[in-house]
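Chain by chain, the residues run as shown.
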Amino acid sequence: MPWVANKPSIEVVEVDSSDDEQGGVDVGGVGRAQLLRSASSTGLTSSTSYRSSGTFNSLNDGEYLKQKLEGRSFWKAGAYKVSSTNIPQLEGELEHARVHPKFLHSNATSHKWAFGAIAELLDNAVDEISSGATFVKVDKVMNTRDNSPALVFQDDGGGMDPDRLIKCMSLGYSSKNSTTTIGQYGNGFKTSTMRLGADVIVFSCSTRSGKATQSVGLLSYTFLRQTGQDDVIVPMVDFDICNHWAEPIIYSSLDDWTSNLNTIIEWSPFASKEELMAQFDGIGCHGTKILIYNLWLNDEGIYELSFDDDNEDIRLRDEASDGSLSKINKRTLELQSHISYRLRYSLRAYASILYLRKLKNFKIILRGRPVEQFNIADDLKHQQVVTYKPQLAATSQDVLVKVTIGFIKEAPDLGVTGFNVYHKNRLIRPFWKVTADGTSKARCIVGVFEASFINPAHDKQDFERSVLYIRLEARLKQMVMDYWKSHCHLIGQQPPRPSAKIQKQSPADQHFVAPSTNNFQNEVHQTPYMVGVSASSRSDLSCEPAQNGHENEWRISSTGQNISGIINDSCRSGNASGSQQLDQLCEENIQLFRRCGEHVQKENELKQTISKLEKDLEETRRKCAQLSAHLESRKQQLLLKQQVGLP
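Owing to the predicted nature of the structure, the values given are computational and were not obtained by experimental measurement.

Trainee: Before we go on, may I ask you to explain the overall build of the protein in this structure?
Mentor: Summing up its helical and strand segments, the protein has 16 helices and 20 strands in all. Of all 647 residues assigned to the protein, the portion counted as buried reaches 46%. Sequence-distant contacts in the protein: of pairs separated by 6 or more residues, those separated by 24 or more amount to 70%. A total of about 33,300 Å² of accessible surface is found on the protein, and carbon and sulfur atoms cover 51% of it.

Right, here's the structure in full:
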């Protein structure tokens, strides 16, 4: 984030834009981003003045306490009052659009799931494998100032020099190659750290171009709120360690550097410069350490992340306790022990399947124990590899996707189903259920594949809803149905009967209802990590009637649209005709999608043929014009010869 500049005498550091940073705004002909390093440029020159300035000065004690308590809950942290500020513009200074601290919170709300934010930080460490990284450590440490837990990430990658740390703390800057790395938007560090806690401090050691440096940067939502800032200020200090001792790197003045250091010490977990510098001891000559503190609380005032349930794991408290008060039967217990369920609340389970191909010479060390990578495709029974060729743009290279599909090893006892879909080796959608909840087909079928031809969403927990996505979903449904028809007998299930036309019902027998707004929102906004588990009952994957007064109402979900209908045959009485009709509807729907895809393909082929014919016609016309011109020239020559009497 850009620093606030109120003094024209402050020097700036000019950072050359990388290849993926050419889209920035060119102000006054300057093609490079100018980023200040001085926190004192805001006019707050002493750390004690922070406490007496800002919006909280105008609040009474009750309002201040209420905001402080609500500020510890992530989903309420952005709802605080701000005082109006009027910063005079200095002569000769260009006005700029400020980034209000509230944007840090609203930007982080893209992560609905805390583990998705942790995955972003793991991705950053994995991207450092190309720089020699061999591990990333994730652990809990204690903030000695208030005895609260903090979350630490540490890797031994190439580290960040001062300029790279500025980009890391800024919005939209990224030096990564989007074709080889997971990160690409230049926004993951800010969204992920602010989603996990209110404050983060970064320590990084780097050696580039023969210069060894140590850098510290503080991104503190607490500091920005309690000092009433209307722009994002990031105190940073850098040290030159080429001579084996830390020598401050001064960019403007020693007073500015000291002001930055004092601000970091006051608002960080470290009470002195010695404690701050001691954090570099465990990093070595290259690497990065990220400390997230003031972790968010849930609505009950308890830490969202649980470190006490398992000393070798980090768990999501709300998800881990879901359903714990109800009586758990054997089937539910088996389901909750499966990785499709455990990944919702166990970071160790989620990290084990986060990457499709095993990371060579690299370990994810969670609370002192390495995470064992796991590919569920290795445990599938009766495996089959199905190839899929997506219909990409004419200018794109052809892509061939190999989908591994099979029954889970617990089949048919455990009804887990869905596809683990990866993008550039990173899990995007775990156990994506492409079939309707009510269908008896596709039970126990799981697939794994990599879909790098579709762009993921910014939180990397879903894909962009594009034409490619819709076609992929339809093709996966067909894969599941085809596999079920040819393999269901291997797990003791009856093969489906030949598809029959659904008998047309009389108007008196037909009863359809539109989906309610609440149900529609629940379907659309269902979190990715719950995919594959029925929304009405997370502990039971079987289809159940909706509890809304209609005993026979079932929900059918297909291609992102919600269709609610009443199947008039009672399931409780043992009549299976309703289920058969549902299966037939699903199968006919898939056939329609398949035919639609074929028509789209034929349409594209016809368009290509028309384009080719138009080009051929244009070429023929050009040749005809040339021949006409040649004939006209010959006629002119013959007439000229006749006029001069030549033979």
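Text resumes after the structure shown.
Trainee: In this structure, what is going on with the packing of aromatic side chains? I would like to understand it.
Mentor: Applying the stated criterion to the full structure yields 14 aromatic pairs. Ring geometry for Phe-239 against Trp-257: centres 5.5 Å apart, planes inclined by 90°, an arrangement best described as edge-to-face. In this pair, Phe-239 sits in strand E7 (residues 236-240) while Trp-257 sits in helix H8 (residues 254-267), placing the two residues 18 residues apart along the sequence. Relative to Phe-449, the ring of Phe-419 lies with its centre 6.1 Å away and its plane at 75°, an arrangement referred to as edge-to-face. On the criterion of sequence distance, the pair formed by Phe-419 in strand E16 (residues 418-423) and Phe-449 in strand E18 (residues 445-450) is long-range, its members being 30 residues apart.

Trainee: Any chance you could explain the pattern of salt bridges here in plain terms?
Mentor: Side chains that carry opposite charge are capable of pairing whenever their charged atoms lie near each other. Counted under the stated rule, the structure contains 15 salt bridges. One salt bridge connects Arg-357 with Glu-450, and the closest N-O pair in it is separated by 2.9 Å. Residue Arg-357 is found in the loop between helix H13 (347-352) and strand E12 (363-366), and its partner Glu-450 is found in strand E18; the two are separated by 93 residues along the sequence. For Glu-450, a relative accessible area of 22% puts it in the partly exposed group.

Criteria and thresholds
The numbering scheme is per chain: residues are counted from 1 as the chain's sequence reads. Predicted model: local features are reported for residues with pLDDT of at least 70 only, side-chain atom pairs are reported and counted for 80 or more only, and whole-chain, interface and lining totals are derived from all residues. To get the side-chain values, take all heavy atoms of the structure and skip hydrogens and water. Note on conventions: DSSP H or I runs of at least 4 residues are helices, E runs of at least 2 residues are strands, and numbering of each starts at the N terminus. Only protein chains enter the calculation, and the probe is 1.4 Å; a residue is then buried if its accessible area is under 20% of its type maximum, exposed if over 50%, and partly exposed in between. The contact rule is simple, with two residues in contact once any of their heavy atoms fall within 4.5 Å. In these tables, accessible area is a Shrake-Rupley quantity obtained with a 1.4 Å probe, and a residue counts as shielded only by the protein chains included in the view. Classification of ring pairs rests on two measures: the distance between centres of Phe, Tyr or Trp rings, Trp counted by its six-membered ring, which must be within 6.5 Å, and the angle between planes, read as stacked under 30 degrees, edge-to-face over 60 and tilted in between. In what follows, salt bridge is the name for a side-chain nitrogen of Lys or Arg lying within 4 Å of a carboxyl oxygen of Asp or Glu.

Everything listed here is a matter of coordinates, which is why it stays silent on function.
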